[in-house]
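# Structural characterization, general
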Amino acid sequence: MWKWIRKLPEERAGLLWLLLISAFWKAGLALSGKVINPDGMLYLQAARQISEGRFQEAIHLTSLPLYPTLIALFHVIIPDWLWAARSISLVCTVLVLVPLYLLTRDLFDRRAAFWAGLVGALAPPVNDWALDVIRNPPFVLCMLWAVHFSQRALLDGKALRFLAASALGWLAVLFRIEGIVMIPAFALFLLWAALWGGEGKRRHALKGLALWLGLPVGIFLCLFPFLGQKILTANRLDQVYYWARALGSGSFFESYRHIYAQMKALEAASAFPGGKQNFAETARHMMPLIYLLGLLRALSRVLFEPFLLPLFWAFKRPWTRGRRWVLFLVCSYLLAIFADLLKQDFLEYRFLLAPALLLYPWVGNGTARLLDRFGGMGGRGTILAWGLVLFLIIAPLGKGLKNVSGEDHAIRWAGHWFRTQGRWKKARVVTNDMRVALYAGRSDWREYDLHARGPMPDMEGLERFALQALADLVVVRLSRKDRRALSLFRHFTERVALFEGPKRLVVVMAPRPSPPPCSGGHDTVSSSALKARITLLTDRNMDQCRRPHRPGTARRG
């Protein structure tokens, strides 16, 4: 058995095995019914606008229209909007193994490519985002193909590969603007190769530099007469200009200077205000290092911590030009993210998916080297090798199952409940989370945004908005720790239904006064609902309790 496992990575069918493993695992996770991510609602709305021909409205929703356009195209085949969008993420995260495998094979060997593909197929962060409606999966698919072709072009200098790398690199930019990092990074690397490479390498580098920069310049010159200055604002390219201008003017680090001043003011609250090396002063002087440590911690989580061991073991190999280029791109990418972290004081883990995947070739190489090391130790080495293989498989699988079991389904339960309530079919509803409306099959609900409005959710503002909209119901999504915020309602005080998950609550509120149900209470669906269903109100028992009541009118008395 062990001999078969050792030979499997060297077989040509290894990539096919990886694709099958990745597809089956992701399909199983998709059946768990993960709730759509909040950003996904924006992309679905933009995709609907595009499918109806309203392109300007779609661009107002998102200035990166390629991804919603892709969703609209998938919707032609898959009628359900959510599954049409989710299929893009699933397909892209499975197919990303192809460029990852080929890149690792070229940088190291076929065995390293197999193990890199395996950890890429099972990595929990990748599989989590495979179920979301986000731009990252198609972005990293284009990015890894661009890196693969650029690495191959460095070896043979073929013009077609330089053009393919440039086209795919710019296609990645159309999904996520931070993909622009690859454009100057590869240009600088080619310039370095032209200045310090040999005669043959210098000629390849200069030709590649001309092709790498010539393609986008040619496209720009062709489109500028038709689009004019719009070409500079399309796809957030103007943000790159403002980002660079702020960096040059010194206004880029305003947030950093503000936090620095806050930490300096905090020194007065120290037990010895006039003393040195208190926490506030130390943190103030070490802010860049603290940010860097936070960035590296986030990268390790996206990479998945158990993969750090083979990653560190992988660097005991000669430095080839292709390996230098990929690591230079990773460092350039992380440097850009670090600068943006200093500017925004904010970082999403999904921003680090591309550099994490570009490090998986070294994870695969480190795994192959460790197995070779253990294989030369006899029987004890075989046991260690088996332990390593099982660890690299069981750890991500266990983490993935844990993430699925801890998923909060309160939003989905609330939406499915609305589908069964004919009484509220035509009711005017206001919510702070349109994901409930998506699962309810409704698009006519009105949304009130509660984000970034202080430590306590703005229930007063939500209620005012609902009264102005003449709403019959208010559907509130909030965290369990903010449950007390429901007491801030003054008009919508009657709880029609409560759906409780591990982290979130979804509460359906009706105006006061509201007739009590026959049971004398409100409906509740908790995290134990899968084991024991609590009977919800239906049209029949509601009619038995009181006179018919048309939604949208309040009772007197």
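Residues numbered from 1 in each chain as written. Predicted model: local features only at pLDDT ≥ 70, side-chain atom pairs only at ≥ 80, totals over all residues. Heavy atoms only, no water.

## A short note on the overall build of the protein
Within the protein, the regular secondary structure consists of 26 helices and six strands. In the protein, which comprises 557 residues, the share counted as buried stands at 49%. A fraction of 70% describes how many contacts in the protein between residues 6 or more apart in sequence connect residues 24 or more apart. (Helix = DSSP H or I, 4+ residues; strand = E, 2+ residues; numbered from the N terminus. Buried < 20%, exposed > 50% of the residue type's maximum accessible area, 1.4 Å probe, protein only. Contact = heavy atoms within 4.5 Å.)

## Let's talk about the environment of L42
Looking at the secondary structure, you find L42 in helix α3 (residues 38-51). Residue class for L42 comes out partly exposed when judged on its relative accessible area of 33%.

## Regarding unusual backbone geometry
The phi dihedral of D345 falls on the positive side, at around 55°, and the residue is not glycine. By the secondary structure assignment, D345 is in the loop between α20 (321-344) and α21 (353-375). For D345, a relative accessible area of 39% gives the class partly exposed. A positive phi angle is found at L470, which is not glycine, with a value near 55°. Here L470 falls in the exposed class, since its relative accessible area comes to 56%.

## Regarding helix α16 (residues 254-266)
With 13 residues, α16 should cover 18 Å at 1.5 Å per step; its first-to-last C-alpha distance of 18 Å lies within 8% of that length. Every buried residue of α16 is accounted for by Y256, I259 and M263. All buried residues of α16 project into a common sector of 65° when viewed along the axis, lining one side. In α16, the exposed positions that point more than 90 degrees away from the buried face belong to E254, K264 and A265. In the core, the buried residues of α16 are packed alongside α17 (279-285), α18 (287-303) and α20. (Expected span 1.5 Å × (residues − 1). Arc of directions from axis to C-beta.)

## A look at a positive patch on the surface
Taken together, the side chains of R297, R301, K399 and K402 present a region of like positive charge at the surface. When residues of the positive patch are traced back to their parent elements, those giving at least two are α18 and α22 (379-405). Tracing the backbone through its elements, the reader meets K402 in helix α22. (Patch = residues over 30% accessible without salt bridge, like charges linked within 9 Å, V, L, I, M, F, W, Y side chains within 5 Å. Areas by Shrake-Rupley, 256 points an atom, 1.4 Å probe, with all protein chains shown as cover. Salt bridge = Lys/Arg side-chain N within 4 Å of Asp/Glu carboxyl O. Lys, Arg positive; Asp, Glu negative; His and termini not counted. Charge placed at Lys NZ, Arg CZ, Asp CG, Glu CD.)

## Regarding the pairing of strand β3 (residues 473-479)
Looking along a regular strand, one sees side chains alternate from face to face of the sheet. In terms of residue burial, β3 counts as a mostly covered element, since six of its seven residues are buried. Taken together, the three bridges between strand β1 (residues 429-431) and β3 define a ladder with parallel strand orientation. Each bridged residue has a counterpart across the sheet, and for T431 the counterpart in β3 is V475. Relative to strand β5 (residues 504-510), β3 runs antiparallel, the two sharing six bridges. Along β5, the bridge assignment pairs V474 with M509. (Pairing = 2+ DSSP bridges.)

## Some points on a nonpolar patch on the surface
On the surface, L188, L191, W192, L195, W196 and F328 cluster together into a nonpolar patch covering about 640 Å² of accessible area. Take the nonpolar patch: its biggest share by element is five residues, from helix α12 (residues 182-196). Along the polypeptide, W192 turns up in helix α12.

## Regarding the packing of aromatic side chains
What characterises a pair of aromatic rings is the spacing of the ring centres plus the angle enclosed by the ring planes. Applying the stated criterion across every chain yields a total of 16 aromatic pairs. Here F186 and W325 contribute two aromatic rings whose centre-to-centre distance is 4.6 Å and whose plane-to-plane angle is 50°, an arrangement assigned as tilted. Here F186, found in helix α12, pairs with W325, found in helix α20; they are 139 residues apart in sequence, far enough to count as distant. For the pair F186 and W325, a shared accessibility class is recorded, and that class is buried. Between R86 and the ring centre of W83, over which it is positioned, the NZ or CZ distance is 5.5 Å. (Phe/Tyr/Trp six-rings, centres within 6.5 Å; stacked < 30°, edge-to-face > 60°. Lys NZ or Arg CZ within 6 Å of the ring centre and 35° of its normal.)

## So, the pattern of salt bridges
On inspection of all chains with the given rule, the structure shows 16 salt bridges. A salt bridge links K34 to D132; the shortest N-O distance between them is 3.2 Å. Linking K34 in the loop between α2 (14-30) and α3 with D132 in the loop between α9 (124-129) and α10 (136-156), this pair joins segments that are 98 residues apart in sequence. Each of the two residues, K34 as well as D132, counts as buried. Ionic pairing is found between E267 and R284, a salt bridge with its closest N-O pair at 2.6 Å. Here the residue E267 occupies a position in the loop between α16 and α17, and R284 occupies one in helix α17, the gap between them amounting to 17 residues. Taking relative accessible area as the criterion, E267 reaches 13% and is therefore assigned buried. Exposure remark for R284: the relative accessible area of 8% places this residue in the buried category. A single network of salt bridges, built from pairs that share partners, joins D39, E348 and R350.

## Brief notes about the environment of S332
Structurally, S332 is set in helix α20. Taking C-alpha positions, S332 is 8.1 Å from M182, a pair spaced 150 residues apart along the chain. Within polar-contact distance, the side chain of S332 engages the backbone oxygen of F328 at 2.8 Å. (Polar contact = N/O pair within 3.5 Å; in protein donor to acceptor, adjacent residues only side chain to side chain.)

## So, the environment of V506
By the element assignment, V506 lies in strand β5. Judged by relative accessible area, which is 0%, V506 ranks as buried. Taking the C-alpha atoms as reference points, V506 and S479, 27 residues apart in sequence, are found 8.7 Å from one another. With residues near it in sequence (within four places) discarded, V506 still touches A410, I411, A414, V436, V475, V476, R477, A497, L498 and F499.

## Quick look at the packing of α10 against α20
In a pair of packed helices, the angle between the axes and the distance between the axes together describe the arrangement. Their axes nearest at 9 Å, the elements α10 and α20 cross at an angle of 145°. Both α10 and α20 take part in a crossing whose hand is right-handed. Judged by residue contacts, F139, M143, V147, S150, Q151 and L154 of α10 engage R321, G322, W325, V326, L329 and Y333 from α20. (Axes fitted to C-alpha atoms, helices over the stretch in contact; angles between N-to-C directions. Left-handed = near helix turned anticlockwise from the far one by under 90°.)

## Some thoughts on the pairing of strand β4 (residues 494-500)
For β4, the buried fraction is high: five of the seven residues fall into the buried class. Alignment of β4 against β5, held across six bridges, turns out to be antiparallel. Bridge pairing in β5 places A497 opposite V508. The turn linking β4 back onto β5 is made up of three residues.

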